[in-house]
Amino acid sequence: MLRAGYAITLDLEVARENTNEAFLRLWERRDKLASHPDPKAWLMRVAVNLAISHRRWMFGRLRHHPIPVRPDPEDLALLRIQSGTMREALLTLKPRERAVLALRYQQDLAFAQIALLLGCPEATVRTWCHRALETLRTQMGGVQNGTPLLEEAR
Amino acid sequence: VIREHDVVDSLATFYRQLDRTIPETAPRWLPDDRASLPRRPWKIQLLATGAVVVLLVGLALFFREASLDRAPVPAQSLPPLPAATLQVGPMRFFSASDGWVLTPRALMITHDGGTNWRDITPPTGQPGFCCDVVFFLDRMTGWVGALGGTPQTFHTVRTMDGGATWTPGADLALGRGAPPGVASLYPGPFTFLNAQLGWALVTNGLYSELRQTELLQTADGGATWTSTGQLPEVPFLGGWSLTQISPIRFIDPRTGWYLGSDSTDHEILYVTHDGGRTWAKQTIAVPSINAGQRSYFDLPTFVDRQHGFLAIAPPDGTVVVDVTTDGGVTWRMDTGRFPVFTRTEPFGLAHDWHLAPAFFGHGVQAIVLGGHLEVNTGHGWTAITPTGLPAIVQEIEFVNAQIGFARTTDDQCQGCSTREFLMKTVDGGRTWTPVTS
């Protein structure tokens, strides 16, 4: 769930906060969800929706959790990823398009499963996915001298 | 040339790198975090809330004034649709009275031009779900396909009495079975020439490297199906699903066209002259300025065995029409009006790469998008600014020069909305009203 949130928001701190928030909501609704047929799916849906609309939580995050910058290897690797061209390209997409790409190519979900998770028709999911890939491909084509998109991220 | 699967590979690599930064442990869950956050005094909270409200009202007024200076988008000026407006998916009308639509939950049929609808949903064994694929040859004879079960199976049923009764047909599957690691099966559309002879397309994936796309043929109305072999490349969907568009069409038992995408993800129109066993690229005519560039086009539509039309959208945002008078052997551009249609922002190819919906048949040619409708009823093309028609039109068709139907959406993003509605015109496309259920 954290990985999916990270892939959608491209911000590990936001993803962690969203994951916490999703579990908090699960805890608050534990009585009602006791009879839910698939609480894991409910939890994932909440987490994905939070990731798609994470801007609403940004003010709180900045207020309460300033991003720590520590020069340790993990953070340096993280910074390399976050400054990569692919990340920049993904950030130009709509959050719901990033969500579809992450659920499809990171979580390996079928389009039908993604449609269930996002609560929209499968055809709509396919449209978003194809559109997002088209946008990314256009941006990749714009990289000069055929430089691989991920080179900066490696 | 960067292809779609190159992008997917890069994405997968990127996601793997992201995953490495997160250890395989349960997420940290601290339910007391929120409770322990320091709360501000209520006076400060009240002042802050008031300031935010004033700011939001000011911004809303500012943007409202600013928007008055811009050209209005037709969809935004439409009155609200009636509550009972019919939400539809694919549709087809055979005459001014007879037609069918696929709603989110049911297959509906009308015999009075859309005033009354009858639910003819076949028993697919899936509560709350109707159909993936629908094809009606005429008002009485039709086929429905639905995907379901474990492992996934593409079930088919057939009606010969307008949906009053349904007869199970053969289940469809890939002839060689799904390759290892690819479990998905995507149902493709049916297309029938008569009550016996038809084709169906089945694929096991749209992005997988192991994908197969196979053409199945029936000569007994769908009771049995046999594979005619693999189709060249994968079907070009342009962001749609196989259930929304048909990438294959036949005009006689031997001659048909298939819209595929080649290794560079360009649309390629293939033609067969042996019932689908072999396919060759169809040569079409495009404006010389756009030669060699990526164009989008639809399948050709034939009004008889010799005369056909093909709408083409070159990358300059125009729409031109190719015509054939020899059964599709040769195609030439219709220069009677050139180009027939010009897309304007925000519906230009820069923002939306779908082909503007086009219709050829029943003595009418029509192309529509963005509150702009071009119609030719045999007296030359006429530009119409339709009243009541949303800017986004998914599908349009006319049953004669006056009566037509359109599947539209109230969203600004074509293909993105779940709210698609059926609209009707009785004055040649000038005014449109929603069809209610």
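Structural data are supplied above this passage.
Conventions we followed
Residues numbered from 1 in each chain as written. Chains lettered and ligands numbered in written order. Predicted model: local features only at pLDDT ≥ 70, side-chain atom pairs only at ≥ 80, totals over all residues. Heavy atoms only, no water. Helix = DSSP H or I, 4+ residues; strand = E, 2+ residues; numbered from the N terminus. Buried < 20%, exposed > 50% of the residue type's maximum accessible area, 1.4 Å probe, protein only. Contact = heavy atoms within 4.5 Å. Areas by Shrake-Rupley, 256 points an atom, 1.4 Å probe, with all protein chains shown as cover. Pairing = 2+ DSSP bridges. Salt bridge = Lys/Arg side-chain N within 4 Å of Asp/Glu carboxyl O. Arc of directions from axis to C-beta. Axes fitted to C-alpha atoms, helices over the stretch in contact; angles between N-to-C directions. Phe/Tyr/Trp six-rings, centres within 6.5 Å; stacked < 30°, edge-to-face > 60°. Core = buried A, V, L, I, M, F, W, Y, C linked by side-chain atoms within 4.5 Å. Parallel < 35°, antiparallel > 145°, perpendicular 65-115°, else oblique. Nonpolar A, V, L, I, M, F, W, Y, C, P; charged D, E, K, R; others polar.

Explain the overall build of chain A to me, please; I cannot follow it from the model alone.
Across its full length, chain A carries ten helices and zero strands. Helices (α) and strands (β) of chain A occur, in sequence order from the N terminus, as α-α-α-α-α-α-α-α-α-α. Taking all 154 residues of chain A together, 50% fall into the buried category. Residue pairs in contact within chain A that sit at least 24 positions apart in sequence constitute 66% of those at least 6 positions apart. Accessible area for chain A stands at about 7,800 Å²; split by element, carbon and sulfur atoms hold 55% of it.

What should I look at first to understand unusual backbone geometry in this one?
Residues other than glycine predominantly adopt negative phi, and peptide bonds predominantly adopt the trans conformation. A positive phi angle, near 55°, is found at His362 of chain B, a position not held by glycine. Accessibility expressed as a relative area gives 44% for His362 of chain B, which makes it partly exposed.

Explain the sheet that holds strand β29 (residues 404-409) of chain B here, please?
For sheets, the rule is that strands pair by backbone hydrogen bonds, running either parallel or antiparallel. Residue and element names in this part refer to chain B. Reading across from one edge, β28-β29-β30-β31 is the order of the four strands in this open sheet, with antiparallel pairing throughout. Either end of the sheet is taken by a strand with one partner, and the two such strands are β28 (392-398) and β31 (433-434). By the bridge criterion, six bridges tie β28 to β29 in an arrangement that is antiparallel. Pairing of Val393 across the sheet is with Thr408, part of β29.

Explanation requested: the pattern of salt bridges in the structure shown.
Side chains bearing opposite charge may pair, as long as their charged atoms lie close to each other. All names here are of chain B. Enumeration according to the criterion identifies six salt bridges over all chains in this entry. Its salt-bridge partner being Arg92, residue Glu395 comes within 3.4 Å of it at the nearest N-O pair. Remark: Arg92 occurs in strand β1 (residues 91-93) and Glu395 occurs in strand β28; sequence separation between them is 303 residues. Here Glu395 falls in the buried class, since its relative accessible area comes to 16%.

I keep staring at the environment of Leu117 of chain A and nothing clicks. Help me out?
All names here are of chain A. Among the secondary structure elements, Leu117 is positioned in helix α9 (residues 111-118). Expressed as a C-alpha distance, the spacing of Leu117 and Asn49, which sit 68 residues apart in the sequence, is 9.2 Å. Discounting residues that sit within four places of it in the chain, Leu117 has contacts with Ala41, Met44, Arg45, Val48, Leu103 and Leu109.

Sorry if this is basic, but what is going on with the pairing of strand β11 (residues 213-218) of chain B here?
Looking along a regular strand, one sees side chains alternate from face to face of the sheet. Residue and element names in this part refer to chain B. Counting buried positions over the six residues of β11 gives six, a clear majority of the element. Of the two faces of β11, the one carrying Thr213, Leu215 and Gln217 and the one carrying Glu214, Leu216 and Thr218 are both buried. Relative to β11, strand β10 (residues 198-203) is paired through six bridges, and the arrangement is antiparallel. When the sheet's bridge partners are listed, Val202 is paired in β11 with Glu214. Both β11 and strand β12 (residues 226-230) contribute to a ladder of four bridges, which runs antiparallel. Bridge pairing links Gln217 to Thr226 in β12.

Where do I start with α9 of chain A in this structure?
Residues and elements named next belong to chain A. Every buried residue of α9 is listed here: Phe111, Ile114, Ala115, Leu117 and Leu118. Projected down its long axis, α9 shows its buried positions confined to an angular sector of 165°, all on one face. Positive phi shows up at Gly119, right after α9, with a value of about 70°.

What is the right way to look at the sheet that holds strand β27 (residues 381-384) of chain B in this model?
Residue and element names in this part refer to chain B. Ordered in space as β24-β25-β26-β27, the four strands form an open sheet in which the pairing is antiparallel. Every other strand in the sheet has two partners, leaving β24 (358-361) and β27 as the edge strands with one partner each. Strand-to-strand twist in this sheet, taken as the mean axis angle between neighbours without regard to direction, amounts to 15°.

Would you explain the side chain of Thr255 of chain B in this entry?
Along the polypeptide, Thr255 of chain B turns up in the loop between β14 (248-250) and β15 (256-261). Those residues within four positions of Thr255 of chain B in sequence are excluded, and the remaining contacts are Phe250, Thr272 and His273 of chain B.

Would you mind showing me how to read the packing of aromatic side chains here?
The relative placement of two aromatic rings is captured by the distance of their centres and the angle of their planes. Residues and elements named next belong to chain B. Under the definition given, this model contains 18 aromatic pairs over all chains. With centroids separated by 3.5 Å and ring planes inclined at 5°, the aromatic side chains of Phe93 and Phe405 adopt a geometry described as stacked. With Phe93 in strand β1 and Phe405 in strand β29, the pair connects residues that are 312 residues apart, well separated along the chain. Of the two residues, Phe93 and Phe405, neither departs from the other in class, the shared state being buried.

Can you help me understand the nonpolar core in this one?
One recurring pattern in soluble globular proteins: nonpolar side chains tend to sit buried together. Residues Leu90 and Leu101 of chain A together with Leu11 and Tyr15 of chain B are the most contacted members of the largest nonpolar core, which totals 42 residues. Broken down by secondary-structure element, the contributors of at least two residues to this core are α1 (2-9), α2 (12-28), α4 (39-52), α7 (85-91), α8 (95-106), α9 and α10 (122-141) of chain A together with α1 (4-20) of chain B. Per-element tally for this core: the top contributor is α10 of chain A, with seven residues. With 14 residues, the next largest nonpolar core counts Phe359, Val368, Leu373 and Val393 of chain B among its residues.

For this particular structure, what's the right way to read the pairing of strand β16 (residues 267-272) of chain B?
Residue and element names in this part refer to chain B. Counting buried positions along β16 yields six of six residues, so the element is predominantly enclosed. Relative to strand β17 (residues 280-281), β16 runs antiparallel, the two being bridged by two bridges. By the bridge assignment, Tyr270 is partnered in β17 with Lys281.

Is there a simple way to think about the packing of α8 of chain A against α1 of chain B in this case?
For any two helices packed against each other, one specifies the crossing angle of their axes together with the interaxial distance. Direction vectors running N to C along α8 of chain A and α1 of chain B enclose 85°, while the axes themselves pass 10 Å from each other. Taken together, the axis directions place α8 of chain A and α1 of chain B in an arrangement best described as roughly perpendicular. The residues of α1 of chain B that touch α8 of chain A, namely those facing Arg98, Leu101, Ala102, Tyr105 and Gln106 of chain A, are Val8, Leu11, Tyr15 and Asp19 of chain B. Tallied by class, residues from the contact of α8 of chain A with α1 of chain B come to six nonpolar, one polar and two charged.

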